[in-house]
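Each chain, written out:
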Amino acid sequence: MVLENGVKHMSSGVFPVQGQIIWPGSCYWGAGALSRAMQAARSRLHRPLVVSDAGVWAALGPVVAEEFAALDWQVYDGVVSNPSLGQVREALRVAQAHGCQSVVAVGGGSVMDVAKLTLACLASGLEVDELTTSNGQAWLSEPASTLDPFFMAVPTTAGTGSESSTAALIQGEDGRKHLFRSTRARPSVVALQPDLTLSLPSRPTAHGGFDAVLHALGAWVNQDHSPVGKAMALHALRICMKALPAVLVAPGSLQARAEMQMGAYLAGVAIGMCKVDAVHALCTPLESRVHTAHAEVLGPVFSVVSRHTIEKAPAPYAEAARALGLPSAGDERSAALSLIDAVEELSVQAGIPIHFEDLHLTAEDAHLLALQAQRSASLPLHPCELGLDEIKSLYLQMAS
Ligand SMILES: [Fe+2]
């Protein structure tokens, strides 16, 4: 749906902002979500390729297989965390060998990301390596076609929001992480069934929840104008800030799991519409260097970047703090600070340090990282402008 596009202002020229609201697919949530989603999707699941990882598939394969009983389907369960293009290549080979015409992702963010790019290759006829070329980028940026293969997602973690976002993060042959974005490689049907996340161990539960908090916050504070994206971001932040401590205290609570799952899903919708901020923009290049879990890079990057940002642009942080009912002295900076303190407390509660223990960067390292961060589409949306030298200085602060 086009919200504003070339609309003339009554008195003086072109209205200054415009955008497009592209809704995600149908989401079935709560009890029996998988069966209900399958009922809706069955007629479009032509020879599905199920993409998963070995651990998830061993635990949940029988549950999924029962739902797929009448279908001719194939599984690729070779996804590992921080997946590479090599795994997309393998999944694609399995899909092509069996004539698969649709994709079902069963797993966490890494599984979703591999499934998204496998689907993009199946749909476009392009090889994996071609996705980074102008041909691949052109296909990814086009609107979805009714001829595109059907894509369904069954998340078994709550965090990345990949089931509802337009992004896929995959490691390239050069060891660097590459971010692909496409609304047409986003699932058409999602099943959010909370009991499928019950067996998730405490570390990925904590890490995923913290990631979702920073997706919601990044989409809220940034300068994107999407009204629906902003509404989703603030509501996702509200849910995630409450659900994360609840799920850490009571991992067996279906209520807490369901709220965490919904918070992460809505945060994914928000970042699909608004993107994020400099926290994720500075995190991605650093992750390629330190090879640490995403959340463990996010914690320290959030602390340094957000404390720096509120000195220049406290307003969106303060507004979120008030919406969340966080107590503060009342002025803009104090309110913004109360939100940052609350997120840092949550980080510590989740076992995620807010300082790097062992990060050593030279000025040259920081310069190269800053150059890479500048390529992020989210950086220009950050609440305040961050120049190259400023980003470099932020990286050096993280290392001190
Ligand atoms: Fe993230």
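Residues numbered from 1 in each chain as written. Predicted model: local features only at pLDDT ≥ 70, side-chain atom pairs only at ≥ 80, totals over all residues. Heavy atoms only, no water.

**Quick word on the nonpolar core**
- In this structure, Leu282, Tyr395 and Met398 are the most contacted members of the largest nonpolar core, which totals 111 residues.
- Broken down by element, this core gets its largest block of residues, 12 residues, from helix α8 (residues 254–274).
- Taken domain by domain, this core gets at least three of its residues from each of domain 1 (26–197) and domain 2 (202–399).
- In contact with Leu282, other than residues within four places in its own chain, are Val301, Val305, Ala373, Leu379, Ile391, Leu394, Tyr395 and Met398.
- Counting 21 residues, the second largest nonpolar core, distinct from the first, contains Val104, Met152, Val189 and Ala191. (Core = buried A, V, L, I, M, F, W, Y, C linked by side-chain atoms within 4.5 Å. Buried < 20%, exposed > 50% of the residue type's maximum accessible area, 1.4 Å probe, protein only. Helix = DSSP H or I, 4+ residues; strand = E, 2+ residues; numbered from the N terminus. Domains from an automatic or database assignment. Contact = heavy atoms within 4.5 Å.)

**Here we look at the coordination of the iron ion**
- Protein-derived coordination of the iron ion comes from Asp211 (OD), His215 (NE2), His280 (NE2) and His294 (NE2), at a distance range of 2.2 Å.
- Taken together, the 4 donor atoms coordinating the iron ion span angles of 84 to 169° at the metal, a pattern that classifies the geometry as irregular.
- Look at where the donors of the iron ion fall in the sequence and you get D-x3-H-x64-H-x13-H. One end of the pair, His280, is in helix α9 (residues 278–290); the other, His294, is in helix α10 (residues 294–309), with 14 residues separating them in the sequence.
- According to the relative accessible area criterion, His280 is buried, its value standing at 10%. (Donors = N, O, S within 2.8 Å, 3.2 Å for Na, K, Ca; no water. Tetrahedral: all angles 85-135°; square planar, octahedral: opposite > 155°, others 65-115°.)

**Re the pairing of strand β7 (residues 150–155)**
- The element β7 is largely enclosed, with a buried count of 6 among its 6 residues.
- Residue alternation in β7 divides its side chains into two sets, Phe150, Met152 and Val154 and Phe151, Ala153 and Pro155, and both sets are buried.
- In the sheet, strand β6 (residues 102–107) pairs with β7 via 6 bridges, with the strands oriented parallel. Within β7, the position partnered with Gly107 by the bridge is Pro155.
- Inspection of the sheet shows β7 paired to strand β10 (residues 189–192) by 2 bridges, in the parallel sense. Along β10, the bridge assignment pairs Ala153 with Val190. (Pairing = 2+ DSSP bridges.)

**Things to note about the layout of surface pockets**
- Within this model, the second largest pocket holds a volume of roughly 190 Å³.
- Considering the residues around the second largest pocket, the lining is formed by Trp29, Gly30, Leu192, Pro194, Leu254, Gln255, Ala258, Glu259, Gln261 and Met262.
- Here the residues of the lining of the second largest pocket sort into 6 nonpolar, 3 polar and 1 charged.
- If you count residues domain by domain, the lining of the second largest pocket takes at least three from each of domain 1 (26–197) and domain 2 (202–399). (1 Å grid on protein atoms, 1.4 Å probe; cavity = no way out; pocket = protein on both sides within 12 Å on 5 of 7 lines; lining within 4 Å. Points joined across faces, edges and corners; volume = space filled by probe spheres on them. Nonpolar A, V, L, I, M, F, W, Y, C, P; charged D, E, K, R; others polar.)

**Observations regarding the domain arrangement of the protein**
- Domain annotation for the protein reports domain 1 (26–197) and domain 2 (202–399).
- Here the C-alpha centre of domain 2 lies 26 Å away from the C-alpha centre of domain 1.
- Summed over both sides, the interface of domain 1 with domain 2 buries roughly 1900 Å², with 59% coming from carbon and sulfur.
- Taken together, the connections running from domain 1 to domain 2 amount to 1 salt bridge.
- For the pair domain 1 and domain 2, the number of links is 7 residue pairs in polar contact (both at pLDDT 80 or more).
- Residue assignment for the side of domain 1 that touches domain 2 shows that the elements contributing at least two residues are β3 (26–29), β9 (177–181) and β10.
- Residue composition of the side of domain 1 that touches domain 2, grouped by class: 8 nonpolar, 9 polar and 5 charged. (Buried area = accessible area lost by both parts, 1.4 Å probe. Salt bridge = Lys/Arg side-chain N within 4 Å of Asp/Glu carboxyl O. Polar contact = N/O pair within 3.5 Å; in protein donor to acceptor, adjacent residues only side chain to side chain.)

**Examining the packing of aromatic side chains**
- By the definition in use, this model includes 2 aromatic pairs.
- Centroid distance Trp57 to Trp73: 5.9 Å. Interplanar angle 70°. Geometry classified as edge-to-face. With a gap of 16 residues between them, Trp57 in helix α2 (residues 54–67) and Trp73 in the loop between α2 and β5 (74–76) connect regions that are remote in the sequence.
- Taking the relative accessible area as the measure of exposure, Trp73 reaches 25% and is therefore partly exposed.
- Ring geometry for Phe68 versus Trp73: centroids 5.7 Å apart, planes at 75°, classification edge-to-face.
- For Phe68, a relative accessible area of 1% gives the class buried.
- Taken together, the aromatic side chains of Trp57, Phe68 and Trp73 make up a single cluster linked through ring pairs. (Phe/Tyr/Trp six-rings, centres within 6.5 Å; stacked < 30°, edge-to-face > 60°.)

**So, empty space enclosed by the protein**
- As enumerated under the stated definition, the model contains 3 cavities of 30 Å³ or more in all.
- Size it by volume and the largest cavity reaches roughly 60 Å³.
- Lining the largest cavity are Ala158, Thr197, Leu200, Thr205, Val247, Arg257 and Met260.
- Among the residues forming the lining of the largest cavity, the class breakdown is 4 nonpolar, 2 polar and 1 charged.

**Side note on the state of the cysteines**
- Per the stated rule, a full pass over the model turns up 0 disulfides.
- For the unlinked cysteine Cys240, the closest cysteine sulfur is that of Cys27, found at 14 Å. (Disulfide = S-S within 2.5 Å.)

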